[in-house]
Amino acid sequence: MTELTLLQAINQALHLAMKKHKEVIIIGEDVGKDGGVFRTTEGLITKFGKDRVIDSPLSEAGIVGSCVGMAAAGLRPVAEIQFSGFIFPAMQEIVSHAARIRTRSRGVYTCPIVIRSPCSGGIRALEHHSESEEAFYAQVPGLKVIMPSTPYDAKGLLLAAIEDPDPVIFLEPKRIYRSVKEDVPDRYYTVPIGKAKVVQEGQDVTVVSWGAMMQTTRKALEQLKDISVELIDLRTMSPLDDATIVESVRKTGKLVVVQEAPKTCSVAAEIITRVNEKALDSLEAPMRRVSGPDVIMPLYQLENYYIPSVERIVKAIQETHAY
Amino acid sequence: MPEKTIASFSIRKLSIMDEKGHVDEKLLPRLSHDTILKMYKSMVLGRLLDPKLLAMQRQGRISTYIEARGQEACQVGPIFALKKSDMIFPAFRETIAMITRGVPIENVLLYYGGDERGNKIPRRYAFFPVSIPVGSQSTHAVGYAYALKLHKKPNVSLTYFGDGATSEGECMEAMNFAGVWKTPTIFLCQNNQYAISTKHNQQTAAETYAQKAIAFGFEGIQVDGNDIFAVYKAVALAAKKARAGEGPTLIECFTYRLCDHTTSDDAKKYRDPKEVQEWEKKDPITRLRLFMERHKIWDKIKEGKLRKICEKEIDAAIKRWEKIPHPDISDMFTHTYASMPTELQEQLEEISHD
Ligand SMILES: Cc1ncc(C[n+]2csc(CCOP(=O)(O)OP(=O)(O)O)c2C)c(N)n1
């Protein structure tokens, strides 16, 4: 066990994966000599060399597209997109190829790649450095989508993603890269993809969140000692573990979903729809979303109005509880 | 069937002024002393703005800043070589170009201070907002130039981008379109040798970036990017050509970023300080100053005065910026659409209430 930040846990997972699986290679902009702009790939190039840790030309389409080819030839590339907001040149490769190769070739070719990328706001960054795009990917059949909120899960889920036979979008909430710390086993382990985690049991209201919003939600819960909240960390957006959520709502009868992403057609919307379909009879209050608004993520003067605040979460839970 | 060479090419490099400020008189563009002094002032203003904003960033008054130290000739030269109505499509390192165009320094402060209103640059400046996704603005310059051509306007467009940007599809797609449409577009590549930590030899196997134009059927030229006369001349010639309906030009300005990539970067991690020192000797501002001194239009007293004037300008802008009230929450909603849909009005109310 070592106390690690989320960032260090990811770095450790990459080291372990490269050591264990000879086919794993790292590719991205500035991931080698620089160790990544957030230092998530620090030390890899010295240990594993520049053939396995590739400082690529500045091209997201090139990065992901070559990963598709590498994977077809038996490699297990882990690509880094420097910020999730810069992935768009690669969307063709992700949506039209990575996600479809298995289907298109009837399983002859597969695409076991991982695309890691820091996401979400709260670091006072420039434009395109702060968005939460998980719903985009959840809409694409063939992709798995993960966003961890703790160092333990980040490491285990990343290793699971690298072992996974299908393409995985691995979104890293950069606002909590360094702010969450916990003891993490030093060994290689995996955390199953597609499983939500009940992090706190409760009777009154089910609250589901993920990524950096888990921290804000935990802060909100500190102010709600008189309400017994069952808190669920979604961890994987696709495939979506509605069973865990439905089971919880059957017990509490109430649901609040907290996300940073825009409201409309979001993962929160999907969760609420699934609960509506599977547990309507258990509901005792309207289900609520606390989310970012449907506007462009603002620069930092206003970003704390965009990102759901502790107060907004507290209010939503209180109102849902009191309904 | 004989095998024969059906295409061959060569790339020229233009240098007019050396590191000591000596010039090749035959190549020197005809510029009045007044214009040269103005160019110099713009470069010095940029050079002095950078440390001020850097310091403000360190104090937390602004969050990020992107310097362009060492690239002042590439920033300033094109603005002087073009008409005020020629449209500029910048990337993100073009602060000095922007203020050279006359955009108030407050805009820069607002932007890096996390306020979107910094990007509100009135059309009269013909300067498009900052584009952060690398390489993505070049296509806009081509589309704009297509419209200019269609409307028979005597203007051109110029897009700034870096060496790294040439690896992005859009940048190459833009050049292809410009070649096919013969648009009046100038592609100004600032090859500052690095894209963050990525060196030119990891970016391309080509000897120059200039030669990329050849594949798209138009001229590419490399210039000494620390030589403002060379940059000026290349852009002026490209603009003349474009106005005459002869299409686009790619100008590779061979230069160096003396600073970190941004305030989030530490270039020491990937650059040898000796390399930086070598480039400091090629400083674009020093050589223009030496030229002016040699031509007796500059001296220490004038230098001192100019620096004071620039400092004052910057400080006055900072003072004006400090007085600008913070943006209202509604600012993030109002510009999403021409008119606000009901659902956004509801969301705005919800957020404002909490
Ligand atoms: C599409 C995209 N990918 C990645 C980034 C992150 N990024 C910002 S600047 C930069 C390097 C740009 O290099 P270059 O084009 O040479 O311009 P320079 O920064 O040297 O001026 C990178 C990778 C980005 N802004 N946009």
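Residues numbered from 1 in each chain as written. Chains lettered and ligands numbered in written order. Predicted model: local features only at pLDDT ≥ 70, side-chain atom pairs only at ≥ 80, totals over all residues. Heavy atoms only, no water.

**Here we look at the domain arrangement of chain A**
All names here are of chain A.
Then step 1. In terms of domain boundaries, chain A breaks down into domain 1 (2-184) and domain 2 (197-322).
Then step 2. When each unit is reduced to the centre of its C-alpha atoms, the spacing between domain 1 and domain 2 is 26 Å.
Then step 3. Each partner contributes residues to the interface: domain 1 has 28 residues there, and domain 2 has 25 residues.
Then step 4. Where domain 1 meets domain 2, there are 3 salt bridges.
Then step 5. For Asp153, the salt bridge is made with Arg235, and the minimal N-O distance between the two is 3.0 Å.
Then step 6. Of all the secondary-structure elements, those providing two or more residues to the side of domain 1 that touches domain 2 are helix 6 (134-138), strand 6 (144-146) and helix 7 (151-163).
Then step 7. Classifying every residue of the side of domain 1 that touches domain 2 gives 14 nonpolar, 7 polar and 7 charged. (Domains from an automatic or database assignment. Contact = heavy atoms within 4.5 Å. Salt bridge = Lys/Arg side-chain N within 4 Å of Asp/Glu carboxyl O. Helix = DSSP H or I, 4+ residues; strand = E, 2+ residues; numbered from the N terminus. Nonpolar A, V, L, I, M, F, W, Y, C, P; charged D, E, K, R; others polar.)

**So, the nonpolar core**
Then step 1. If you look at the biggest cluster of nonpolar residues, it comprises 119 residues, and the most contacted ones within it are Ile186, Val223, Ile228, Phe229, Val235, Ile251 and Leu288 of chain B.
Then step 2. When residues of this core are sorted by domain, at least three fall in each of domain 1 (2-184) and domain 2 (197-322) of chain A.
Then step 3. If sequence neighbours within four positions are ignored, Ile251 of chain B has contacts with Ile186, Phe187, Leu188, Cys189, Ile221, Val223, Ala234, Val235 and Ala238 of chain B.
Then step 4. Counting residues in each nonpolar core, the second largest holds 48 residues, with Val64, Ala99, Ile115 and Ile272 of chain A among its members. (Core = buried A, V, L, I, M, F, W, Y, C linked by side-chain atoms within 4.5 Å. Buried < 20%, exposed > 50% of the residue type's maximum accessible area, 1.4 Å probe, protein only.)

**Some words on the packing of helix 1 (residues 33-58) of chain B against helix 2 (residues 72-81) of chain B**
Residue and element names in this part refer to chain B.
Then step 1. Between helix 1 and helix 2, the least distance of the axes is 10 Å, while the angle of their chain directions is 140°. With respect to each other, helix 1 and helix 2 are oriented oblique. Here helix 1 runs over helix 2; the crossing is right-handed. Listed contacts from helix 2 to Thr35, Lys38, Met39, Ser42, Met43 and Arg47 of helix 1 are Glu72, Ala73, Val76 and Phe80.
Then step 2. Its residues placed into classes, the contact of helix 1 with helix 2 shows 5 nonpolar, 2 polar and 3 charged. (Axes fitted to C-alpha atoms, helices over the stretch in contact; angles between N-to-C directions. Parallel < 35°, antiparallel > 145°, perpendicular 65-115°, else oblique. Left-handed = near helix turned anticlockwise from the far one by under 90°.)

**A short note on helix 2 of chain B**
Then step 1. With 9 of 10 residues buried, helix 2 of chain B lies mostly within the body of the structure.
Then step 2. Among all positions of helix 2 of chain B, only Glu72, Ala73, Cys74, Gln75, Val76, Gly77, Pro78, Ile79 and Ala81 of chain B are buried.

**As for the sheet that holds strand 9 (residues 197-200) of chain A**
Residues and elements named next belong to chain A.
Then step 1. If you trace the 5 strands from one edge of the open sheet to the other, you get 9-11-10-13-14, paired in mixed fashion. Each edge of the open sheet is held by one strand with a lone partner, namely strand 9 and strand 14 (288-292). Adjacent strand axes in the sheet meet at a mean angle of 25° when their direction is disregarded.
Then step 2. Bridge count between strand 13 (residues 255-262) and strand 14: 4 bridges; the pairing is parallel. Its bridge partner lying in strand 14, Val257 is registered against Arg289. (Pairing = 2+ DSSP bridges.)

**Some words on the packing of aromatic side chains**
Then step 1. This structure, assessed with the given rule, holds 20 aromatic pairs over all chains.
Then step 2. Residues Phe88 of chain A and Phe136 of chain A carry aromatic rings whose centres are separated by 5.9 Å and whose planes lie at 55° to one another, so their mutual orientation is tilted. With Phe88 of chain A in the loop between strand 4 (76-80) and helix 4 (91-98) and Phe136 of chain A in helix 6, this pair connects stretches of sequence that are 48 residues apart.
Then step 3. The partly exposed category is assigned to Phe88 of chain A, whose relative accessible area is 37%.
Then step 4. With 5.8 Å between their ring centres and 45° between their planes, Tyr194 of chain B and Tyr270 of chain B make a pair best called tilted. Separated by 76 residues along the polypeptide, Tyr194 of chain B in strand 5 (residues 194-195) and Tyr270 of chain B in the loop between strand 8 (249-254) and helix 10 (273-280) bring together distant segments of the chain. In terms of burial, Tyr194 of chain B and Tyr270 of chain B fall into one category: buried. (Phe/Tyr/Trp six-rings, centres within 6.5 Å; stacked < 30°, edge-to-face > 60°.)

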